[in-house]
Amino acid sequence: MSGNPSPSPQASPDLDDTKTVIGIAFGNTTSSIAYTTPDGKAEVIANEEGDRQIPSVLSWVGSEEYHGTQAKSHLVRNAKNTVAYFRDFLGKHYSEIDPTNSHNSAHPVDVDDVPSFNLQQADNETISTVSINEITTRHLIRLKESASDFLGHKVTGAVITVPTDFSDAQKKALVTAAKAAELEVLQIIHEPVAAVLAYAARQTPEEQSIDKNILVADLGGTRCDAAVVASRGGMYTILATAHDYELGGLKLDEVLVDHFSKEFIKKHKADPRENERSLAKLKLETEGTKRTLSLGTSATISIESLADGYDFHSTVNRLRYELSAKKVFDQIVSLAENVVKKAELDLLDIGEVILSGGTSHTPKIASRIAALFPESVPVNAPATLATALNPSELSARGAAIQASLIAEFDKEDIEQSTHPAVTVAPHLSYPIGVVIGEDNSFQTILEAQTAVPARRIAQFDVKADGDVIVRICEGIREIVVEKVERQVNVIAEAAIKGAKKGGKVEVTINVGSDLGLNIAARVVGTQIGARGEVKPEARSA
Amino acid sequence: MASVKISKSLPTLPEDWNSESNFVAHAPLSPAVHRNLSPTGPHFLAHARRKRHSRTFSEDDR
Ligand SMILES: Nc1ncnc2c1ncn2[C@@H]1O[C@H](COP(=O)(O)OP(=O)(O)OP(=O)(O)O)[C@@H](O)[C@H]1O
Ligand SMILES: [Mg+2]
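Conventions we followed
Residues numbered from 1 in each chain as written. Chains lettered and ligands numbered in written order. Predicted model: local features only at pLDDT ≥ 70, side-chain atom pairs only at ≥ 80, totals over all residues. Heavy atoms only, no water. Helix = DSSP H or I, 4+ residues; strand = E, 2+ residues; numbered from the N terminus. Buried < 20%, exposed > 50% of the residue type's maximum accessible area, 1.4 Å probe, protein only. Areas by Shrake-Rupley, 256 points an atom, 1.4 Å probe, with all protein chains shown as cover. 1 Å grid on protein atoms, 1.4 Å probe; cavity = no way out; pocket = protein on both sides within 12 Å on 5 of 7 lines; lining within 4 Å. Points joined across faces, edges and corners; volume = space filled by probe spheres on them. Core = buried A, V, L, I, M, F, W, Y, C linked by side-chain atoms within 4.5 Å. Axes fitted to C-alpha atoms, helices over the stretch in contact; angles between N-to-C directions. Parallel < 35°, antiparallel > 145°, perpendicular 65-115°, else oblique. Contact = heavy atoms within 4.5 Å. Nonpolar A, V, L, I, M, F, W, Y, C, P; charged D, E, K, R; others polar.

As annotated in an unreviewed UniProt entry, chain A is Actin-like ATPase domain-containing protein from Choiromyces venosus 120613-1.

Structure below.
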């Protein structure tokens, strides 16, 4: 087997049995592998071809197996033996899959309801039927080998990211396919949470603990997904998700394919979209043109013998592209707005936006999404924030971070920690806060959707000598022009007598898993204070 | 756990505060909603550890 060869096996086997774990982002369009350096930084690994976004494509020419970028280039000449856009077929019945994106590559066939491919994988005419599970195993083997080669250790386990709508059957199929690749799946985690972890890794534990609602829009090749993640004390709860399976980078490639085809027709009276190979060539090249337009204001395209023997050379500027792509951009913006609505939140409740996935490199998409929010809300994308991480790398980085966190856990520890007995928790329906200021406004101390048990501590200034009141309330949201929260339900009151001007009152609110409250208020550095308990509502059993 | 600094001050104790005690409980919290925490990140793993060993925050701090 030559092809683009798998990295050579390690010269000497590892003597110690230390685990080597990585993070894998497994997408329909691309996959990436990442590891965590000894000082805790996640880094995405380039494969032997130098790619960090490795096309999720496998191709066979005779007995040679090609993977990644090389396999992708085979979509032009060897489409029938090239498998692409297959991730979403895994773990599904044939009747459940949407093969739209397979029309220009090996088309899935129904083998006992398992999506499979008829491929020529030998030097003779023999056709073998390869199941989606086997394709996935081959893909994971290639990713694992690239990572092992880079790290100089055999990779033993991985955390893999999947979309939030991945079913249990799909997860199970993924674990089985990985096992066949001699790769232990330590944990399967959700893509938007991986993106949040990638950003959180740059923060101190205190910064991570700041409560906020994060909108994550994952804009890929074949699909776009969005999620609202409540970050509370550094723990994450997905409040809502939304998906569009017909939206993504491929749609933007199509916009450019149409644009260039019209130009070609004008010149040569031939439509490159009508010939399979011409179309494949044009698609491959326009994707590069599209990427160039993310960085510069114009881009060129140059294809030899595109159709009817004519070469094609052209230039497109960004403005023109953005006009043609407006409809796709509109749909992406709606997806983002929809998911916030599904979470029963207002756009003003979003404290941070993370744009993930390759299509998030598109400047106009980032600026359109940023326009939905006040300027104070960071929109993490290359075009809107200089400090943004590479959106194509977030899933893999997040997976690598999680992998390093649980690397030393044994299987039982991981199973227990991910069990519903531990993960399912009561979340506050309303924020809990304290009444402050002359105008009796509501200061949130615990945000709604905080999982309990939870504890928060807040410090208030004492303005003048005298007695003050700590009035603990539940708040209800009332959005006028700006976000305001108003108290509705007074839970408890504590009197602080004899506070001194310039002092500080520290209030600790402890909410138990039964929703019982323990409240302590005291003047910092003194014995002055009050504490008490609020019993949970008696359960009518 | 670090405390959040809030620059505004607390209201003055009302004149008619006539409780013997410094603390009055008025009403329980509204019922909660059960949701799934994402089993990821260092803070969740600390939560899982507390839950599995039935430990409280303060015990965990020690
Ligand atoms: N610099 C860029 N500018 C614009 N688009 C880009 C850029 N880089 C990558 N893309 C696009 O991003 C898409 C791939 O996104 P990603 O790597 O997130 O894939 P994925 O998660 O495997 O996608 P999916 O599963 O949705 O098919 C492709 O359509 C690619 O053309
Ligand atoms: Mg993706």
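That shown, we press on.
Trainee: Looking at this structure, I do not really get the overall build of chain B. What am I missing?
Mentor: Helices and strands together make up the secondary structure of chain B, namely two helices and three strands. Mapped in sequence order, the helices and strands of chain B form the string β-β-β-α-α. Out of the 62 residues in chain B, the part that is buried amounts to 39%. Surface exposure of chain B reaches about 3,800 Å², of which carbon and sulfur atoms provide 49%.

Trainee: Help me understand empty space enclosed by the protein in this model?
Mentor: In this approach the atoms are scanned with a rolling probe the size of a water molecule, which exposes any empty space left behind. Residue and element names in this part refer to chain A. Per the stated rule, a full pass over the model turns up three cavities of 30 Å³ or more. By volume, the largest cavity amounts to about 90 Å³. Along its surface, the largest cavity is lined by 13 residues, and Ala200, Gln203, Lys212, Ile214 and Glu352 are the ones closest to its centre. Of all elements in the fold, only α4 (191-200), α5 (205-208), β13 (212-219) and β18 (350-356) reach the threshold of two or more residues within the lining of the largest cavity. A total of three residues in the lining of the largest cavity trace back to one element, the largest contributor, which is α4.

Trainee: Help me understand the nonpolar core, please; the structure alone is not making it clear to me.
Mentor: Here is a general trend for soluble globular proteins: nonpolar side chains tend to be buried in one another's company. Residue and element names in this part refer to chain A. Judged by nonpolar contacts, the single largest core of 51 residues is most densely connected at Leu215, Val228 and Val353. Looking at this core, the element that brings in the most residues is helix α9 (residues 326-342), giving eight residues. With 35 residues, the next largest nonpolar core counts Phe26, Leu58, Trp60 and Ala181 among its residues.

Trainee: Explain the packing of helix α6 (residues 249-268) of chain A against helix α7 (residues 276-295) of chain A to me, please; I cannot follow it from the model alone.
Mentor: When two helices pack together, their arrangement is given by the angle between the helix axes and by the axis-to-axis distance. Residue and element names in this part refer to chain A. The N-to-C vectors of α6 and α7 enclose an angle of 110°; their axes lie 8 Å apart at closest approach. Here α6 is positioned roughly perpendicular relative to α7, judged by the angle of their axes. Between α6 and α7, the residues in contact are Gly249, Leu252, Asp253, Leu256, Val257, Phe260 and Ser261 and Leu279, Leu282, Lys283, Thr286, Glu287, Thr289, Lys290 and Leu293, respectively. By residue class, the composition of the contact of α6 with α7 is seven nonpolar, four polar and four charged.

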